[in-house]
Amino acid sequence: MTGTIETIKLCKNFGGLVVADAIDFRMEQGARHALIGPNGAGKTTFVNLVTGVVPPTSGGIVLGGEDITTLSQSQRVKRGLVRTFQINALFRRLSVLENVTLAIAEREGIAGNFIRPAGRHRAVIEEAYQLLEQLGLAEEALKSVTDLAYGRQRMTEIAVALGLKPKILLLDEPAAGVPTGDVHTIIEVIERLPSDIAVLLIEHDMDLVFRVARHITVLVRGRVLIEGPPDRIARDPKVREVYLGDRGRL
Amino acid sequence: MMISPDHPSADPKPMLDSFARRHRLDPREALPWLVAIAAYFAFPDYLALQAQILATIVFALSVDLLLGYAGIVTLGHAAFFGVGAYTAGLLAANGWGEPLSGLLAGALAAGVVGFVAGAIILRTSGLTLLMQTLVVAAMLYELANKAGRITGGADGLQGMQVWPVFGTFRFDMFGKTAFLYCLAVLLICWLVVRTVVHSAFGRSLTGIRENVLRMHAIGAPVDRRKVLVYTLSAALAGVAGALIAQTTQFVGLGTLSLERSGTILIMLIIGGVGQLYGSFIGVPLYMIAQDRFASVDPVYWYFWIGLFMVVLVLFARGGVLGVVRRLRQPDGPQK
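Residues numbered from 1 in each chain as written. Chains lettered and ligands numbered in written order. Predicted model: local features only at pLDDT ≥ 70, side-chain atom pairs only at ≥ 80, totals over all residues.

Remarks on the overall build of chain B
- Each helix and strand in chain B was counted, giving 15 helices and zero strands.
- For chain B, whose C-alpha radius of gyration is 21 Å, the value lies close to the compact-globule estimate of 20 Å for 335 residues.
- In terms of principal-axis extent, the alpha carbons of chain B reach across some 75 × 45 × 45 Å.
- Buried positions account for 47% of the 335 residues belonging to chain B. (Helix = DSSP H or I, 4+ residues; strand = E, 2+ residues; numbered from the N terminus. Rg over C-alpha atoms; globule rule 2.2 N^0.38 Å. Buried ≥ 20, exposed ≤ 12 C-beta atoms within 10 Å, placed from the backbone.)

The structure is reproduced here in structure tokens:
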């Protein structure tokens, strides 16, 4: 099945520091999965390993039955494996519409064309605008990213990822830095994602996690501590112990 | 997954139309060409300088494509300018003076060198890349210096015989042919650069400039695109070098020098980087100023250029075009 991703004994050491320790992870098509854990648990490293930003020390990654461990980042994107960034990684001085248009042009494989004017690819622009409409960003389509409020930039971050029509979407702390009053719009967007996309949510905000996720993996010091449905995770004494220090309200 | 919009939005079509039409020609884009033609008639005694300016604009355009659009820094673009100049020069000094094929040969040679150099040095970025571009130019400079029997070394390449353009238009002593030849070549090069920057490829270059991390994450083959634009830019620089060689009938080591790599950056920065027309403003400003300062104050003219640069950096970030843009629309998004 194309939308299934799996990691097998995935390891990553930085010198003597083990940041991923034999992580076995599996996510089916259409999953709503959350990856949680205290600071420094290796959550973002896991995203970087899966998307190909850093190579693993050992272990493998399988996407839809295909071993993608050695594929480049862009080859993985072409197979539908898409991420967003914890700290906005946008084309800041370009307009919101241009940001999404760039992503769609890459997906459509027209971005290598250096003769035909970009504006003649009208379908790409229309699609980008529709996506912005769906995310409530249409009013700001022509504003440059730097002129947007932070929460709107987070939405743009998701819009760029969605422009790639992901099969698997890794959302790295989508609500990080978003004012509490605006978190609901992000939740709404995630809840309305097409149901065949597998979503992995890396998040600190437990309200968001328990509202969206149907399955949770807890990562501690590079290891999978436990995984299971939210209610079991919430009741688990080991998880409570890990979180009691900085977050008692699980 | 429709999120209800804040309020029913107006028809987006006009906005999308204008977004999609950014590549259309604006009447104002005729301005540089009108100025050039006016200058041809107004200053017939300065046609040689004007031809040099036109050829140098081609060089500045090649740097703008690289630096302004793809965000690739370079302090060694004279490498490709020099390769183009020596290629055209050596052809003309060794019995093949046909100018158009000389230009093409210059472009091809510079493009090949650019491709090879780019494939190696573009793995790095920032200061490291800056040093690498310097090294490439320095190596070619020394190569041309050492191969004195072929290049003439420090004395420069002597004895170029450039044939008439199309077999008809002789390079005359007033520089009329040189001027019109350079203008025509500039027009073609400008069309090439303009087409590229407005294409989907060109837009993806601005993406690389703005956030290379995200370009990787949206699946762009970033390294391939960078080598491609580097090659194209090198070829254009080669055309510029060949133009100067053919119109002055001389090639010296100066074509490969660090000074040339540096001054072309200064000219581009004066005009404005990444806006396509910075070259058309910065190059004439610099070269005319240089010509005037040098005739008024032959010893210290560099001081005045330096002073001008300091003022520009302090008060006019983004060059002349940057100032114009800020006056017109205080905080619009970049194109």
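And the narrative resumes.
A few points about helix α12 (residues 258–271) of chain B
All names here are of chain B.
- The end-to-end C-alpha separation of α12 is 20 Å, in line with the 20 Å expected for 14 residues at 1.5 Å each.
- Every buried residue belonging to α12 is among R260, S261, T263, I264, M267, L268, I269, I270 and G271, and all of these are buried.
- Taken together, the buried residues of α12 touch α3 (47–69), α4 (78–93), α6 (126–146), α13 (278–296), α14 (301–315) and α15 (319–328).
- Downstream of α12 by a residue or two, G272 has a phi angle that is positive, lying close to 130°. (Expected span 1.5 Å × (residues − 1). Contact = placed C-beta atoms within 7 Å.)

A word on helix α2 (residues 31–42) of chain B
- Taking 1.5 Å per residue, twelve residues should reach 16 Å; α2 of chain B reaches 16 Å between its end C-alpha atoms and fits that length.
- With respect to burial, α2 of chain B is a largely exposed element, only one of its twelve residues being buried.

Describing the sheet that holds strand β2 (residues 17–27) of chain A
Residues and elements named next belong to chain A.
- With respect to topology, four strands assemble into an open sheet ordered β2-β1-β4-β5, the strand pairing being antiparallel. Lying at the two open borders of the sheet, with one neighbouring strand each, are β2 and β5 (66–67).
- Bridge analysis of strand β1 (residues 5–14) against strand β4 (residues 58–63) gives five bridges, and the strand direction is antiparallel. Bridging from a neighbouring strand, C11 pairs with S58 of β4.
- In the packing of helix α1 (residues 43–51) onto the sheet, the strands contacted are β1, β2 and β4, and the crossing angle to β2 comes to about 65°. (Pairing = 2+ DSSP bridges. Axes fitted to C-alpha atoms, helices over the stretch in contact; angles between N-to-C directions.)

A word on the pairing of β4 of chain A
- Pairing of β4 of chain A with β5 of chain A involves two bridges; the strand directions are antiparallel. Bridging from a neighbouring strand, L63 of chain A pairs with E66 of chain A of β5 of chain A.

Observations regarding the packing of α13 of chain B against α14 of chain B
All names here are of chain B.
- The geometry of α13 relative to α14 is characterised by a closest axis approach of 8 Å and an angle of 140° between their N-to-C directions. The pairing of α13 with α14 is recorded here as oblique in orientation. Every pair of crossing elements has a handedness; the one defined by α13 and α14 is right-handed. Counting all contacts with α13, which are made through A289, Q290, F293 and A294, the residues of α14 involved are W301, W304, I305 and F308. (Parallel < 35°, antiparallel > 145°, perpendicular 65-115°, else oblique. Left-handed = near helix turned anticlockwise from the far one by under 90°.)

So, the sheet that holds strand β3 (residues 32–36) of chain A
Residues and elements named next belong to chain A.
- Strand order across the open sheet formed by six strands is β6-β7-β8-β3-β9-β10, with mixed pairing between neighbours. Strands at the two margins of the open sheet, each flanked by one partner only, are β6 (81–83) and β10 (223–228). Averaged over all adjacent pairs, the angle separating strand axes in this sheet is 20°, with direction ignored.
- Summarising the sheet, strand β9 (residues 215–220) and β10 pair through five bridges and their orientation is antiparallel. Bridge pairing links V220 to R223 in β10.

Side note on the interface of chain A and chain B
- The interface is formed by 50 residues belonging to chain A together with 38 residues belonging to chain B.
- When contributions to the side of chain A that touches chain B are tallied by element, the ones reaching two or more residues are α2 (73–78), α3 (96–108), α4 (122–134) and α6 (183–191) of chain A.
- With six residues, the single largest contributor to the side of chain A that touches chain B is α4 of chain A.
- Classifying every residue of the side of chain A that touches chain B gives 26 nonpolar, ten polar and 14 charged. (Nonpolar A, V, L, I, M, F, W, Y, C, P; charged D, E, K, R; others polar.)

Describing unusual backbone geometry
Residue and element names in this part refer to chain A.
- Even without glycine at this site, K9 takes up a positive phi of about 45°.
- Assignment of secondary structure puts K9 in strand β1.
- With a phi angle near 45°, E173 is a residue other than glycine that sits in the positive phi range.
- Tracing the chain through its elements places E173 in the loop between β7 (168–172) and α6.
- Judged by local crowding, E173 falls into the buried class, with 21 C-beta atoms found within 10 Å.

Remarks on the packing of helix α9 (residues 200–210) of chain B against helix α11 (residues 222–248) of chain B
All names here are of chain B.
- α11 packs onto α9 with a crossing angle of 110° between their chain directions and a minimal axis gap of 11 Å. As summarised for this structure, α9 and α11 are arranged roughly perpendicular, according to the angle between their axes. For the pair α9 and α11, the sense of crossing is left-handed. Taken together, the residues of α11 that come into contact with α9 (itself represented by S204, L205 and I208) are V222, R225, K226 and V229.

Examining the environment of I188 of chain B
- Residue placement: I188 of chain B occurs in helix α8 (residues 176–198).
- Considering only alpha carbons, one finds I188 of chain B and V58 of chain B, 130 residues apart in sequence, at a separation of 9.6 Å.

Description of the confidence of the model for chain A
- When pLDDT is averaged along chain A, the result is 91; 96% of the residues meet or exceed 70.
- Here helix α9 (residues 237–244) of chain A stands out as the least confident element of chain A, with mean pLDDT 80; α3 of chain A is the most confident, with 97. (pLDDT = per-residue confidence, 0-100.)

As for the pairing of β9 of chain A
Residues and elements named next belong to chain A.
- For β9, the tally of buried residues reaches five of six residues, placing the bulk of the element in the interior.
- Pairing geometry for β3 and β9, over four bridges, is parallel. Counted as the bridge partner of H33 is H215 from β9.
- Connecting β9 to the next strand, β10, in antiparallel fashion are two residues, including R221 with a positive phi near 45°.

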